[in-house]
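# Examining the three-dimensional arrangement
Here are the chains, one letter per residue:
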Amino acid sequence: MRLGLYLDLRNPPPWARPWADVYGWTLELVAQAEAWGADSVWTTEHHFFEDGYLPQPLTLAAALAARTHRMRIGTAVVIAPLHPAVKIAEEAAVVDVLSGGRLDLGLGAGYRAAEFAAYDAELGPRNRTLDERVVAVRDWLAEGVTPPPVQEPVPMWIGHLGPKGARRAGRLGEGLLSLVPGTAEPYLAGLEDGGHDRARARVAGLVHVVVADDPEAAWARIGPHIAYQLHSYARYALEGTEIPVPAAPTPQQVRAASEGAEHPGVFPSFVVLTPDDTVELLAKLVTPGIPAEAFFFASIAGMPAELAERHVELLCRVVRPAVVEL
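Now for a look at the structure at hand. (Residues numbered from 1 in each chain as written. Predicted model: local features only at pLDDT ≥ 70, side-chain atom pairs only at ≥ 80, totals over all residues. Heavy atoms only, no water.)

### Quick look at the overall build of the protein
Tallying secondary structure elements over the protein gives 11 helices and 11 strands in all. Its C-alpha radius of gyration of 19 Å places the protein within 12% of the 20 Å reference for a compact globule of 326 residues. Taken along its principal axes, the extent of the C-alpha atoms in the protein is 55 × 45 × 40 Å. Relative to its 326 residues, the protein shows a buried fraction of 54%. At a minimum sequence separation of 6, the contacts of the protein that also span at least 24 residues come to 74%. Total accessible area computed for the protein in this model is approximately 13800 Å², and 56% of it derives from carbon and sulfur atoms. Both charge centroids of the protein, one from 27 positive and one from 40 negative side chains, sit 2 Å from each other. (Helix = DSSP H or I, 4+ residues; strand = E, 2+ residues; numbered from the N terminus. Rg over C-alpha atoms; globule rule 2.2 N^0.38 Å. Buried < 20%, exposed > 50% of the residue type's maximum accessible area, 1.4 Å probe, protein only. Contact = heavy atoms within 4.5 Å. Areas by Shrake-Rupley, 256 points an atom, 1.4 Å probe, with all protein chains shown as cover. Lys, Arg positive; Asp, Glu negative; His and termini not counted. Charge placed at Lys NZ, Arg CZ, Asp CG, Glu CD.)

Quick look at the structure:
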C-alpha cells in the first residue's frame, strides 16, 4: 500500500488565518512530508464554500510540482462536468510537464447545485457527463494538447461512488478512487465488462483518520474541527432541496457515531487513532491482488497546526513503513 496526503485548504471562519499563511504553510508541510517519505499528495475541488475550500485543484497541483521532486501529485477530484474536456487536458498536461511526469488525474461527477449553476452545467446527467469527459480527456491527452504530457498515458482515476459507480469506473478501464468495502468486486467486474485485463485494477481513496500519539488528548482539540467539517458537507449537499439540514453535531456525537460505525475511518466516520491502530485499519481496506493507495487529510478544517504536523509525521515515518508490504 502507498500512502499520501489530501488537501482541501479549508480555512473556516471560527479559526480563520490569513490566506497566504494557509497556503504557504500547506506547501511547506507537503515538502516536509515528501522528505519524510510520503508517496503522494492529492488535491480536490469545490466552489463557494464559506471556508474557501480549494476551487482550482490543478492550479495547486502546479505549485506542488514546483515544490516537490519525487512524490506523485493527484487530483481527487477535478469535477469534470464543470469543465470542457480540452481545458482539463491542457491543464493536466502542463502539470505533468512541470512535475516531470508525476500527475495522477482523478475526475469526479460533483453534486452541489450551486456549482453547476455557476458553471452553466447540467446537474442531472452528471454521471453520464463524467464518463464522457473521461474518454474525451484521455483522447486529448493522447493526441491533441500541446505541450504533450510526459507520461504516455497519464494515469487516470474515476471518482464514481458505490458499487454501481465502481462498476462504471471499471468499464472505463481506469483506476477507482474508493477504498470503501464492497466496491472492489464490482470494479473488477466492470473491468471485465469493458474488455480490460483485471491486472489493470488499482484503487486509491481517502481514509478519515487523524494519527496521534495520544488519541484521547487529540480528540479534545480536534473534535470541533471534525464536527464543523461533517456538518458543512451536510449543509452543502442538502442546499436547494426540501430536506431540512440537521443540527450541527457536537464533537461527542461525532465521536460516538464514528467509533460505532460499521467501517470506522470511512466517510462519514472520522476517527483519531494511534499509528498501530491506523495500520490495523488500513489492512482491512486492502483487497489482495489490487494495488492500493490511501490518502489522509493533511489538516481538517483549520485544526491546530502542531497536531496536523505531528499527524503527518506519524503517517509518513511510522505508518507508511508498516503498510508498504500490505
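### Some thoughts on helix α11 (residues 305-323)
Its 19 residues place the ends of α11 25 Å apart at the C-alpha level, agreeing with the 27 Å of an ideal helix rising 1.5 Å per residue. Approximately 35° is the largest bend angle found in α11, and it occurs at leucine 315. Every buried residue of α11 is listed here: Leu307, Ala308, His311, Val312, Leu314, Leu315, Cys316, Val319 and Val323. In this structure, the buried residues of α11 make contact with β1 (2-7), α1 (19-36), β9 (209-211), α8 (215-238), α10 (275-284) and β11 (292-297). (Expected span 1.5 Å × (residues − 1). Bend = angle between axes of the 7 residues up to and from the residue.)

### Description of the packing of aromatic side chains
Both the distance between ring centres and the angle between the ring planes are used here to describe each pair of aromatic rings. Across all of its chains, the model carries 10 aromatic pairs by this definition. Between tyrosine 6 and phenylalanine 297 the ring centres are 5.1 Å apart and the planes differ by 70°, which places this aromatic pair in the edge-to-face class. On the criterion of sequence distance, the pair formed by tyrosine 6 in strand β1 and phenylalanine 297 in strand β11 is long-range, its members being 291 residues apart. Here tryptophan 42 and phenylalanine 295 contribute two aromatic rings whose centre-to-centre distance is 4.8 Å and whose plane-to-plane angle is 20°, an arrangement assigned as stacked. Note that tryptophan 42 is positioned in strand β2 (residues 40-43) and phenylalanine 295 in strand β11, a separation of 253 residues in sequence. Accessibility expressed as a relative area gives 1% for tryptophan 42, which makes it buried. Geometry around tyrosine 233 places arginine 10 over its ring, the cationic atom sitting 4.8 Å from the centre. Residue placement shows arginine 235 over the ring face of tyrosine 236; its charged tip is 5.2 Å from the ring centre. (Phe/Tyr/Trp six-rings, centres within 6.5 Å; stacked < 30°, edge-to-face > 60°. Lys NZ or Arg CZ within 6 Å of the ring centre and 35° of its normal.)

### Digging into unusual backbone geometry
Geometrically, the link from glutamate 152 to proline 153 is a cis peptide bond, its omega value of 0° lying close to zero. Backbone torsion omega between phenylalanine 267 and proline 268 reads 10°, so that peptide bond is classified as cis. In this structure, proline 268 sits in the loop between α9 (251-259) and β10 (271-273). The residue leucine 9 is not glycine, and still its phi comes out positive at about 55°. Among the structural elements, leucine 9 can be located in the loop between β1 and α1. Backbone geometry at phenylalanine 48 places phi at a positive 70°, although glycine is not the residue there.

### Quick look at the pattern of salt bridges
This structure, assessed with the given rule, holds 23 salt bridges. The partner of glutamate 174 in a salt bridge is arginine 138, with the nearest N and O atoms 2.7 Å apart. Residue glutamate 174 is located in the loop between α6 (162-172) and β7 (175-177), and its partner arginine 138 is located in helix α5 (residues 126-143); the two are separated by 36 residues in the primary sequence. The exposure class assigned to glutamate 174 is buried, which follows from its relative accessible area of 6%. Under the relative-accessibility criterion, arginine 138 is labelled partly exposed at 28%. Ionic contacts of the salt-bridge type, sharing partners, join the residues Arg2, Asp39, Glu293 and Arg320 into one network. (Salt bridge = Lys/Arg side-chain N within 4 Å of Asp/Glu carboxyl O.)

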